[in-house]
Structures are given as C-alpha cells and as structure tokens.
Amino acid sequence: MADTAPASELVTLEVDGRSVEVAPGSLVWDACERAGVFVPVYCAHKKLEPVAVCRMCLVEVQGMPKLQPACATRVSPGMVVRTATEQVRKFRDSNLEFLLLNHPLDCPVCDRGGECDLQDFTQRYGPGQSRQSITEKVHFNKAVPLSDKIILDQERCILCWRCVRYYEEITGEREIVLQERGVHTLVDTFEHQPLRSEFQGNLPEICPVGALTHAKYRFRARPWDLRRTASICSHCSYGCSVFVDAREDQVARYASSDNPDVDDSWLCDRGRYSFPELNRKDRVLSPEAATAGGRQVVSYQDALGRAAGQLLRVGSDNGGEAIGVIGSDLMTNEEAFLLQWLARDIIGTPHLGHRLLPAPEISPLDFELGIAEIEECDQVVVLGPLPEQLAPVLTLRLFKAGTKRARKILRVEAPFTVAAIRKQVIGEGRVGVVAAESDREAALKLRTALTGAGRRCEVLTLMERVNSRGCQDLGLLPGWLPGYRRAPSPGMELPDILEAAIAGRIKALLVVNPGPDLEADPRLEAALKGAEVTVVVAAFPGVASRNATVLLPGRTIVEKAGTVTNAEGRVQRVRTAVEPKFAFPSDLKILGDLARAMGGELGAQPLAGPVYDLLARAVPAYRGAQAGLRPRWEATA
Amino acid sequence: MSDRDGAVPAADLDPAVVARIRELRTLYPLARSAVLPALWAVQDRIGYLPAWSEEVVGRELGLLPADVAAVASFYSMYFGRPVGRHVIQVCQNVSCALRGADDLLDHLRGWLGVDGEGESPDGAFSLEGTVECLGACGGGPMMQVDRYSYESLTPERAEAILTEIRETNPEGPVGG
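**Student:** Hey, could you run me through the overall build of chain A in this one?
**Tutor:** Secondary structure assignment for chain A yields 20 helices and 28 strands. For chain A, the C-alpha radius of gyration of 28 Å lies close to 26 Å, the compact-globule estimate for 637 residues. The C-alpha extent of chain A, read off along each of the three principal axes, is 90 × 65 × 50 Å. A buried classification covers 59% of the 637 residues belonging to chain A. Here the analysis covers contacts within chain A between residues at least 6 apart in sequence; of these, 69% occur between residues at least 24 apart. When the accessible surface of chain A is summed, it comes to about 25,700 Å², and 52% of that surface belongs to carbon and sulfur atoms. With 77 positive and 81 negative side-chain charges, chain A shows a spacing of 1 Å between the two charge centroids.

In structure tokens form, the structure reads like this:
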C-alpha cells in the first residue's frame, strides 16, 4: 500500500521503537509488518475485511487505555505502537489459554499439525499448561462432512469467522454461518445441507487451524514430508499459481500461492482437485517399437534411430508434406516452439497442429485485456456462461470487481448481437469484454462497436487448456508462424490431417503429448492405422501409444520444466515437482534429439532455458517475459 | 437444531403471518433488521421455528435461510422444536451462578419432574437447561418464564411463581 502513495501523504508512526511510514488508512497490522514486527493473527486475513474477533493481535497503543486490535485499528500520525511489552505478552498467553479451553489437542492425528497457527502461536506465545482438565472439555462433533470435498472438525474450530467471511466477501455464496451462541457456537450450513460451491477447496487453506480439511488430503501426508514446488495449475488456461506439494513420487495436493495478477490467492475446486489424474499408475514407462517380431521394448537410442529413420524414409519417398505433426496444448512453450520448428524446418511439412478446433483467425487482440485489469474496467461484458465454465476462478474476479470495486458486470446471453449489447453499455470509460474463444468473433465485433466516444474496449478470451495460448503464440498451427505471422502456404488443420492419414495421403504421423480430446476422437485410431509410420511421445497409454510404430515415454505437466502462457498472455514457469518413474530424457530433449537424428541443428541445448532464448529471438514479445509477465504485443506488431 | 420435526407443515402457515413479515420488511432500511420480529411472528403463531419457517423468512426478506438460522439459533428465546405451554429459562451466567443459579436449576428439575431439560410430565412447562445471560445480572439468580423475568429467586419463590402461572394461565404463554 505504502509503496504506491506519494511520500508527502504517508503517515509516520512508531512500532517497537522503529519509525515506519505507511499509507493513510493502513492498519496497525500493516505498519507492524512494514516495521518487520510479527503480530500473530487468526481472524485477520489479507484478502478479508477486519472483524477483530480472535483478539490474538492486541497491541499497546500509547494513549489508549486498553490493548487495541492491530488488525482493525487504523494508523494515525505519531502513533506509538508496542508489541513486545509485558502486558501484551500476558494477554497473548491468556488469550491462547481461552482459545485452547475446549480444543481437543489432537495434533498428532490432525492434518494441520506442523502447519497450524494454533500450534505455532501456542509454542511461541502460549501457556505450556492448561488449567482446564481434559475430562472437563466441552465436546463437539468431529469429522463432519460438509460436502464430498470438505470435512469439518467442530472441536478444533476457534471461531475466527474466516470461512464465513470468505463465503460472504470472496464468493458471495454465504453457505456457512455460525450457529448457536457462547460456548456452543459452531460453524455449520443450513440444516446440514452439503456445500455446493465450486470454490470449497479454499476453505481449509484460510482456516488457521485444523477445523476444515480436504477430504482428498485427509491423513495423506505430514507437511514436513512434502516437497513444495512453485508452479502453475495445469487445469485450464487461467494459469493460477500453485504450490505442488509432492510426497515421494506422488502429488499430495495443490495449494494456492497468491498471484494478485491472476488468481488473487484463490483456486477453483476443479483445478485444485485435478491432481489425482497426474498420479495415475498406468504410464508409458519405456521406449517401444513395432518390429517384425511384434511390439518390443527397445533402448532410447534405438527408438530414436528408428523414429528418425522412419520419418526420413517417408520424407524422401513422398516428400515432407506426407508427414503430419500433432502436438497438444498440454505442451510447454519450449516444446511447442521446438515441435513447430521440427515440423517446418526439419521434416518440411506445413501440416501441423495442436487442437481439433481450427483457428483460422487469431491475433493478440484476443487477449488485450488482462485478468486483473477486469477490476479497472468501468463495465465488463461477459458473453454467456462459457468463460466462467472454462475458468471458474474468473467468477471470483468478476465478483470482486462488482462488489469491492463497484464495477458494472453485464452477463449477457447468446446470441451476442452488437445492437442489443451496445444498448446496455452506457457512458464513457474502460469496457472489458470477456468471452470464450469460441465467441471470439462476437467479442472482437463488440470491441470495434464499443470503442470510441470516450470509451476504450478490450477483449479477454478464455481458452481450453493450460497452454492453449502459448501454442498459438508460438505458431503450433498450420496457418500461423510464431508471433502471429501468417504462414505463407498454410497446411491442413488437425482434423484434415487425420482425414488425410485415413485416406492414405498422409503417410507418417508424429504425435506428441496427445490431449484427452484427441484421444477421445474416433478419427485418431483410424488415422494412426492408416499411416505407415507413427512416432508417438505419450505419458499415458491410450489410442496413440497403442498404435505407435515407435513409442517414447512422455512426461506430465508436473514432471516438466519450462513455461506456459495463460489466457491473458502471461508467460509463467512450470517446474518439475515430481520426478518421473523412468530415467529417459524429457519431452523437450526427445524433440531436440529427434531433430538432430534427422540432421537438424537446433543451435542450442534442448533445455528449457536455451530453447526459451531461441523462441524469444523468433518472437521478440517473449523477451524477458518468462518471469511471469504479459508480452507487449502491440510494440512488436 | 437436529431434533426439529415437521409437526407443523409449511403449507399450514397462516397467510396473515406472511403478510406480517412483508409488512415488517418495510419498517427497516435493511432487510436483516426485520429478522427478529419476523421470527417472532412465526413463533407466536405456531409455537416454535421449524426449519422451513427459516426458509420462509429468508425468502420473504431476501436473505439466505442459513442467515436466518444463524440468528434464530443465537437467541435462546427462539425454539427449534415444539415446547410446553410455558417455557422456563434459568440463567447460568456468572452473576447468577455466584448467587446460586445451579441450586435453583437443580431444585426446579426435581420439582417439575424434568430430567435435564424438556417438558414436565403434565405438559405445563418446558425447562430449558443451560441458558446464557438474560440481561438481569443485578437480580440474580433469575429465570424467565415465557416473556417475563423473575429476579432474586429462592427455590420457594420460584415454586410459588410457577404454581401461580400454572393456575392462572393454563392455556398458553404469559406476557407478549
């Protein structure tokens, strides 16, 4: 806060003898943080309004007769705050004794043990002993399922209201309330109805104790057994920051990691609980090849040699155009860039793609509007329910814009006719149009229609998968080269490649990281059977792997390193959170090795960093963007 | 909240009660402010608050039933289940406790023939066991019977008050 206000407007105060400057209206809690003084809190939360019910943050403020809650007291000039006094120390000790009065002290069997604020603050500030005997404690229900995702332990709850306020302020769904009074107060839903929210998974994270727990994480791991890796949620094109918490070679959970520009620290349940798919036991574990004696496990070098030999043979016999190259939007930017290079420059085919939905027209105007900029728009037009279905966390951003920022949110229904929508958009200022990519055309028409007369209109289109945007940016498409340059002689779209293979006009297919929609398409099997040569890199067994003449084991998104680009064009890092069960090279290296075996020279190591440098040379907008930035396309267009 | 039954079905709610709730809504700038009187309107009519009545109040006031339930469960004068003709609440908070509220409660249990809490065998009284502060700390120990408070009680005085209520108001609650 203080960073953005001009120096003349800052409020100067003293915290534990240190002078600090903060913006007017800041809380004493913020000032303490700025002074580097830790204040324990339970009810306070950076994303929620203060309520000051837990009393944990009480501090001395000179001139005030009683201790004041740091989380709810606004700063004033010359204020003198003390947190390290005997009065505060005694108060914290007593407050914790109260909070623990009826607490079951079942830390040894609590999921939260090891990352619990109640445990930590008791260690640091609390009494070593309780005067309440175990037998006198008031008991509540344990392991109450609030839904199939969330389990509540009513005994562990310290009544901080965070879950109630989360539902009030962040999602607006108000599914949880505090019922009863006094010592009998408990968190519950109306008549024990199950929670229906799509954002329940955030509850255990904002719960400061072990009261709200994930059904999918219950008794699965101890925090100290987990290896935490900062990465990106692989579920959709929104690109929420996550921590991948892995126990040995399994993903134990996704935890949110606050990226104010994208997720604002909230995840949707679809994304958060998508990780079990990545723990699937059935994997492609070794290179295989179809030989005269049937399908055989072969060495990596053997498989590579066969793949290169077979593709070269088809190329020399029938020309590069007889080869189709199929990637997917589960690939990283580096892989996508390398694959389109391999297709165009080494194999020599224009027939490449990564998605069944053709993309005849694309441009950086599809994502001119940033996710966080939605809050800055005076009016936001949302075209139908699809955008929020594709990226559920978008709903929370729209809610925040509508409530905390008082922006006008217009959810309009199809058909999206300019005339009807224009009537509803009134006045000047900034207008955002949020659409699914299938409604891209309507969105861009609106952009043209709404621009002018003191109005500026920008579009954000939501896409299907984690790197759908990156694969477009980097030209893994028949009609588009990297950086939104039209291909001089466009190749076939992916469905046509499949048809051509079925008809025998495409003789070889290179399939990398086949996505679930491709795997589910009935044309894939016929196409693979129709082609003489099928080189497949796949993580999971399926239609593609079964029909491969050469098969190489691929990696899942949590086993990869590189970058992906979200719907708004932000380039973000994914990091290897789990080591694969095999010792074969990464998908990126496979592509680099294959290119080399076919006589191509990449001019860089096939590693994420060097390949990123290469692609940033081809797409200057990407220069330096891998730190989590949105490339500035208008500067390069 | 768990032992609520469907003794009174939603369809039987007097339309006058709904009309009253709608009228109450107009008396306050915020709909939330009308929750307490709206709940009174229902309870005065049917004696307690079935879960469906919280949905009705929520619907009429534009609130979620959970919000209404949170309010109803907070206050000890709203009942989530059917109760006897007269409801006795004995305050157990600190001022009353220091002045003998525990003994008073034990005595009344014996006198009424109630084990813990619930209805007396003759159906005249419902004893609500442990009730938090009822706002008469200056006159502890105290009890509330229906809508009246009785302060500075002794077991004998409490017996006399209840005997009189049973005889003078056999039909229903006292006060209003």
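**Student:** Just checking my understanding: could you explain the overall build of chain B for this structure?
**Tutor:** The secondary structure content of chain B amounts to 7 helices and 5 strands. Moving toward the C terminus, one meets the helices and strands of chain B in the order α-α-α-α-β-α-α-β-β-β-β-α. Taking 176 residues into account, the globule formula puts the C-alpha radius of gyration at 16 Å, and chain B, at 17 Å, falls close to it. For chain B, the spread of C-alpha atoms along the principal axes amounts to about 45 × 30 × 30 Å. Taken across its 176 residues, chain B has 48% of its residues classed as buried. Contacts spanning at least 24 positions in sequence make up 65% of the contacts within chain B whose residues lie at least 6 apart. In the structure as shown, chain B presents an accessible area of about 8,500 Å², 51% of it carried by carbon and sulfur atoms.

**Student:** I keep staring at the packing of aromatic side chains and nothing clicks. Help me out?
**Tutor:** Two descriptors summarise a pair of aromatic rings, namely the distance from one centre to the other and the angle between the planes of the rings. The tally for this structure, following the rule as stated, stands at 15 aromatic pairs over all chains. For the pair Tyr166(A) and Trp266(A), a centre-to-centre distance of 5.1 Å together with 55° between the ring planes defines the contact as tilted. With Tyr166(A) in helix 4 (residues 162-171) and Trp266(A) in the loop between strand 13 (250-256) and helix 6 (269-272), the pair connects residues that are 100 residues apart, well separated along the chain. With respect to burial, Tyr166(A) and Trp266(A) carry one shared label: buried. Ring centres 4.9 Å apart and planes at 45° place the aromatic pair Trp40(B) and Tyr78(B) in the tilted group. In this pair, Trp40(B) is assigned in helix 2 (residues 35-46) and Tyr78(B) in the loop between helix 4 (65-74) and strand 1 (86-91), connecting sequence segments 38 residues apart. These aromatic residues form a ring-pair network of at least three members: Phe367(A), Tyr484(A), Tyr612(A), Tyr622(A) and Trp633(A). Over the ring of Trp29(A) we find Lys46(A); its NZ or CZ atom is 3.8 Å from the centre of that ring. Between the NZ or CZ atom of Arg92(A) and the centre of the ring of Tyr125(A), over which it lies, the distance is 4.8 Å.

**Student:** What should I look at first to understand helix 12 (residues 440-450) of chain A in this one?
**Tutor:** Each α-helix winds once per 3.6 residues, and so residues spaced three or four apart point in a common direction. All names here are of chain A. Residues of helix 12 that are buried: Arg440, Ala442, Ala443, Leu444, Leu446, Arg447 and Leu450. Elements in contact with the buried residues of helix 12: strand 18 (379-383), helix 11 (418-424), strand 20 (429-436) and strand 21 (455-462). Looking one or two places after helix 12, you find glycine 452, whose phi comes out positive at around 110°.

**Student:** Hey, could you run me through the sheet that holds strand 24 (residues 508-512) of chain A in this one?
**Tutor:** The strands that make up a sheet pair up through hydrogen bonds in the backbone, lying either parallel or antiparallel. Residues and elements named next belong to chain A. Spatially, 7 strands are ordered 15-14-26-25-24-16-17 in an open sheet, and the strand pairing comes out mixed. Where the open sheet ends on each side, the last strands, each with one partner, are strand 15 (294-297) and strand 17 (352-353). Packed onto the sheet, helix 8 (residues 333-347) meets strand 16 (323-326), strand 17 and strand 24 and runs at close to 165° relative to strand 16.

**Student:** Can you walk me through a nonpolar patch on the surface in this structure?
**Tutor:** All names here are of chain A. Taken together, the side chains of Val51, Val53 and Trp161 present a nonpolar region at the surface, about 220 Å² in accessible area. Within the secondary structure, valine 53 sits in the loop between helix 1 (28-34) and strand 3 (58-61). For valine 53, a relative accessible area of 35% corresponds to the partly exposed category.

**Student:** Before we go on, may I ask you to explain the interface of chain A and chain B in this structure?
**Tutor:** Accessible area lost on assembly of the parts is the figure often given for the size of an interface. Taken together, the contact pairs 10 residues of chain A with 18 residues of chain B. Taking both sides of the interface into account, the surface hidden between chain A and chain B amounts to around 1,400 Å²; carbon and sulfur atoms contribute 51%. Looking only at chain A, the three residues that lose the most surface to chain B are Arg174(A), Arg181(A) and Phe190(A), adding up to 50% of its buried area. On inspection of chain A and its partner chain B, the count reaches 1 salt bridge.

**Student:** What am I meant to see in the packing of helix 1 (residues 15-25) of chain B against helix 3 (residues 51-61) of chain B here?
**Tutor:** Helix-helix packing is described using two parameters, namely the angle between the two axes and the distance between the axes. Residues and elements named next belong to chain B. Between helix 1 and helix 3, the shortest axis-to-axis distance is 10 Å and the interhelical angle comes to 40°. In this view, helix 1 runs oblique relative to helix 3, as classed from their interaxial angle. As for the relative orientation of helix 1 and helix 3, their crossing is right-handed in sense. Each of Val18, Ile21, Arg22 and Arg25 in helix 1 lies in contact with helix 3, whose residues at this interface are Val57, Glu60 and Leu61. Counted by class, the contact of helix 1 with helix 3 contains 4 nonpolar, no polar and 3 charged residues.

**Student:** Just checking my understanding: could you explain the packing of helix 8 of chain A against helix 19 (residues 608-618) of chain A for this structure?
**Tutor:** Residue and element names in this part refer to chain A. At a closest axis distance of 9 Å, the pairing of helix 8 and helix 19 adopts a crossing angle of 60°. In terms of crossing hand, the pair formed by helix 8 and helix 19 is left-handed. Across the interface between the two elements, Asn333, Glu334 and Phe337 of helix 8 pack against Ala608, Val611, Tyr612, Leu614, Leu615 and Ala618 of helix 19. Across the contact of helix 8 with helix 19, the residue classes tally to 7 nonpolar, 1 polar and 1 charged.

**Student:** Looking at this structure, I do not really get the environment of Val512(A). What am I missing?
**Tutor:** Residue and element names in this part refer to chain A. Summarising the element assignment, valine 512 is placed in strand 24. We classify valine 512 as buried; its relative accessible area is 1%. Every residue in contact with valine 512, bar those within four places of it in the chain, is listed here: Ile326, Gly327, Ser328, Met331, Leu339, Val537 and Leu591.

**Student:** What exactly am I supposed to notice about unusual backbone geometry here?
**Tutor:** As a rule of thumb, non-glycine residues mostly have phi less than zero, and peptide bonds are mostly trans rather than cis. In the segment running from Ala414(A) into Pro415(A), the intervening peptide bond is cis, with an omega of -5°. The residue Pro415(A) is located in the loop between strand 19 (408-412) and helix 11 in this model. In this model, Gly140(B) is joined to Pro141(B) through a cis peptide bond whose omega is -5°. Tracing the chain through its elements places Pro141(B) in the loop between strand 3 (125-131) and strand 4 (143-145). Backbone geometry places His192(A), a non-glycine residue, at a positive phi of 55°. The topology assignment puts His192(A) in the loop between strand 9 (186-188) and helix 5 (202-206). With a phi angle near 45°, Ser152(B) is a residue other than glycine that sits in the positive phi range. Along the chain, Ser152(B) falls in the loop between strand 5 (148-150) and helix 7 (155-168).

**Student:** Would you mind going over the side chain of Asp153(A) with me for this structure?
**Tutor:** Residues and elements named next belong to chain A. Relative to the helices and strands, aspartate 153 resides in the loop between strand 7 (150-152) and helix 4. Polar side-chain contacts of aspartate 153 include one of 3.0 Å to the backbone nitrogen of glutamate 155. Apart from the residues within four sequence positions on either side, aspartate 153 is in contact with Asp106, Asn141, Lys142, Ala143, Gly210 and Ala211.

**Student:** Looking at this model, I keep getting lost on the pairing of strand 27 (residues 562-565) of chain A. Mind explaining?
**Tutor:** Residues and elements named next belong to chain A. By the alternation rule, side chains of strand 27 split into Gly562 and Val564 and Thr563 and Thr565, which are all buried. Here 4 bridges tie strand 27 to strand 28 (residues 571-574), and the two strands are oriented antiparallel to one another. Each residue of the ladder has a partner; that of valine 564, found in strand 28, is glutamine 572. Remark: 5 residues form the turn of the hairpin made by strand 27 and strand 28, two consecutive strands paired antiparallel; glycine 569 in that turn has positive phi of roughly 90°.

Rules behind the numbers
- Residues numbered from 1 in each chain as written.
- Chains lettered and ligands numbered in written order.
- Predicted model: local features only at pLDDT ≥ 70, side-chain atom pairs only at ≥ 80, totals over all residues.
- Heavy atoms only, no water.
- Helix = DSSP H or I, 4+ residues; strand = E, 2+ residues; numbered from the N terminus.
- Rg over C-alpha atoms; globule rule 2.2 N^0.38 Å.
- Buried < 20%, exposed > 50% of the residue type's maximum accessible area, 1.4 Å probe, protein only.
- Contact = heavy atoms within 4.5 Å.
- Areas by Shrake-Rupley, 256 points an atom, 1.4 Å probe, with all protein chains shown as cover.
- Lys, Arg positive; Asp, Glu negative; His and termini not counted.
- Charge placed at Lys NZ, Arg CZ, Asp CG, Glu CD.
- Phe/Tyr/Trp six-rings, centres within 6.5 Å; stacked < 30°, edge-to-face > 60°.
- Lys NZ or Arg CZ within 6 Å of the ring centre and 35° of its normal.
- Pairing = 2+ DSSP bridges.
- Axes fitted to C-alpha atoms, helices over the stretch in contact; angles between N-to-C directions.
- Patch = residues over 30% accessible without salt bridge, like charges linked within 9 Å, V, L, I, M, F, W, Y side chains within 5 Å.
- Salt bridge = Lys/Arg side-chain N within 4 Å of Asp/Glu carboxyl O.
- Buried area = accessible area lost by both parts, 1.4 Å probe.
- Parallel < 35°, antiparallel > 145°, perpendicular 65-115°, else oblique.
- Left-handed = near helix turned anticlockwise from the far one by under 90°.
- Nonpolar A, V, L, I, M, F, W, Y, C, P; charged D, E, K, R; others polar.
- Polar contact = N/O pair within 3.5 Å; in protein donor to acceptor, adjacent residues only side chain to side chain.

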